[in-house]
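These are the residues of each chain, in order.
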Amino acid sequence: NAGVTQTPKFRILKIGQSMTLQCAQDMNHNYMYWYRQDPGMGLKLIYYSVGAGITDKGEVPNGYNVSRSTTEDFPLRLELAAPSQTSVYFCASSFRSSGANVLTFGAGSRLTVL
Amino acid sequence: SQELEQSPQSLIVQEGKNLTINCTSSKTLYGLYWYKQKYGEGLIFLMMLQKGGEEKSHEKITAKLDEKKQQSSLHITASQPSHAGIYLCGVVSSAGDYKLSFGAGTTVTVRA
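Residues numbered from 1 in each chain as written. Chains lettered and ligands numbered in written order. Predicted model: local features only at pLDDT ≥ 70, side-chain atom pairs only at ≥ 80, totals over all residues. Heavy atoms only, no water.

Q: So what's going on with the overall build of chain B? Which residues, and what values?
A: In terms of helices and strands, chain B carries zero helices and 11 strands. Put simply, chain B runs from its N terminus to its C terminus through helices and strands in the order β-β-β-β-β-β-β-β-β-β-β. Taking 2.2 N^0.38 as the reference for a compact globule, 112 residues should give roughly 13 Å; the C-alpha atoms of chain B span a radius of gyration of 13 Å, in line with that estimate. With the principal axes as the frame, chain B shows a C-alpha extent of 45 × 30 × 20 Å. For chain B, restricting intrachain contacts to residue pairs at least 6 apart in sequence, the fraction spanning at least 24 positions comes to 54%. Taking the average location of the 12 positive side-chain charges in chain B and that of its 10 negative ones, the two points are 2 Å from each other. (Helix = DSSP H or I, 4+ residues; strand = E, 2+ residues; numbered from the N terminus. Rg over C-alpha atoms; globule rule 2.2 N^0.38 Å. Contact = heavy atoms within 4.5 Å. Lys, Arg positive; Asp, Glu negative; His and termini not counted. Charge placed at Lys NZ, Arg CZ, Asp CG, Glu CD.)

Here you go:
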């Protein structure tokens, strides 16, 4: 059981380039999330999705886009990369029930923009 | 807006000693989730608290949610090297909401 799989694990981008971080889960979870983690800042929610075809902005969505065409996949697209987007990105998924919402996280994708 | 503070930011403990981490919110908590992160890895779920006064334990880790539901503590008894890592609290601070906001984390180092 793979859980939440993120690719790539590491990537270096030049300013202005674009790229997509891939996220896939095999637990049939309806909810999926993208967070970024900066040193000393905790995790900030970028985008989230409550099901295929439905996405919404989180706390820090500027400079990112997402899509959710299937239950399993939730890619995060960075357009015109900027140094401020240097961070570790985590994808998570959950199956919300009875008020509980335990997130399962991927291993993270470390992105550096130079 | 949500004000979430974890304390201490970091701590070093001698192997075998106890330690406590706190997570304090400026708002009432409707769900409190403790996670652990090892360097370069994702977050691993430890336990969830929802009711004021609730206490849960798993192996040598105990978490409590205070009666007023604005603070949680995580206590590790007889720490071991395997307890080293970053501990983060994730909270739900609006009734009916489900999205988690996370604290900045507490880095725990266990010295042999």
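There is more to say, and it comes next.
Q: So what's going on with the sheet that holds strand S1 (residues 4–7) of chain A? Residues and values would help.
A: Residues and elements named next belong to chain A. Ordered in space as S1-S3-S8-S7, the four strands form an open sheet in which the pairing is antiparallel. Both edges of this open sheet fall to S1 and strand S7 (64–66), since each of them pairs with a single strand only. For this sheet the average axis-to-axis angle between neighbouring strands, irrespective of direction, equals 20°. Pairing between S1 and strand S3 (residues 19–25): four bridges, direction antiparallel. Its bridge partner being in S3, Thr5 is matched across the sheet by Ala24. (Pairing = 2+ DSSP bridges. Axes fitted to C-alpha atoms, helices over the stretch in contact; angles between N-to-C directions.)

Q: Tell me about the packing of aromatic side chains, and name the residues and values.
A: For the structure on display, the rule yields 12 aromatic pairs over all chains. Look at Tyr35 of chain A and Phe105 of chain A: their rings are 6.0 Å apart centre to centre, the planes differ by 45°, and that puts the pair in the tilted class. Here Tyr35 of chain A is found in strand S4 (residues 31–38), whereas its partner Phe105 of chain A is found in strand S10 (residues 104–105), with 70 residues between them in sequence. With respect to burial, Tyr35 of chain A and Phe105 of chain A carry one shared label: buried. Between Tyr35 of chain A and Phe102 of chain B, the ring centres sit 5.4 Å apart and the planes meet at 85°, which makes this aromatic pair edge-to-face. Linking Tyr35 of chain A in strand S4 with Phe102 of chain B in strand S10 (residues 101–102), this pair reaches from one chain into another. By relative accessible area, Phe102 of chain B is classed as buried at 7%. Connected via pairs of aromatic rings, a cluster forms that spans Tyr33, Tyr35, Phe90 and Phe105 of chain A together with Tyr33, Tyr35, Phe45 and Phe102 of chain B. When the ring centre of Tyr98 of chain B is taken as reference, the NZ or CZ atom of Lys99 of chain B above it lies at 5.2 Å. (Phe/Tyr/Trp six-rings, centres within 6.5 Å; stacked < 30°, edge-to-face > 60°. Buried < 20%, exposed > 50% of the residue type's maximum accessible area, 1.4 Å probe, protein only. Lys NZ or Arg CZ within 6 Å of the ring centre and 35° of its normal.)

Q: Pulling in residues and values, what's your account of the interface of chain A and chain B?
A: Counting residues at the interface gives 22 residues for chain A and 20 residues for chain B. Together, the buried faces of chain A and chain B total about 1,600 Å²; carbon and sulfur atoms form 57% of this surface. On the surface where chain A and chain B come into contact, there are zero salt bridges. Here chain A is connected to chain B by five residue pairs in polar contact (both at pLDDT 80 or more). (Buried area = accessible area lost by both parts, 1.4 Å probe. Salt bridge = Lys/Arg side-chain N within 4 Å of Asp/Glu carboxyl O. Polar contact = N/O pair within 3.5 Å; in protein donor to acceptor, adjacent residues only side chain to side chain.)

Q: Lay out the pattern of salt bridges in plain terms, naming residues and giving numbers.
A: Counted by the stated rule, this structure contains six salt bridges over all chains. Its salt-bridge partner being Lys44 of chain A, residue Glu59 of chain A comes within 3.8 Å of it at the nearest N-O pair. Residue Glu59 of chain A is located in the loop between strand S6 (54–57) and S7, and its partner Lys44 of chain A is located in strand S5 (residues 42–51); the two are separated by 15 residues in the primary sequence. Linking Lys56 of chain B and Glu54 of chain B is a salt bridge whose minimum nitrogen-to-oxygen distance equals 3.7 Å. The class of Lys56 of chain B is partly exposed, set by a relative accessible area of 30%.

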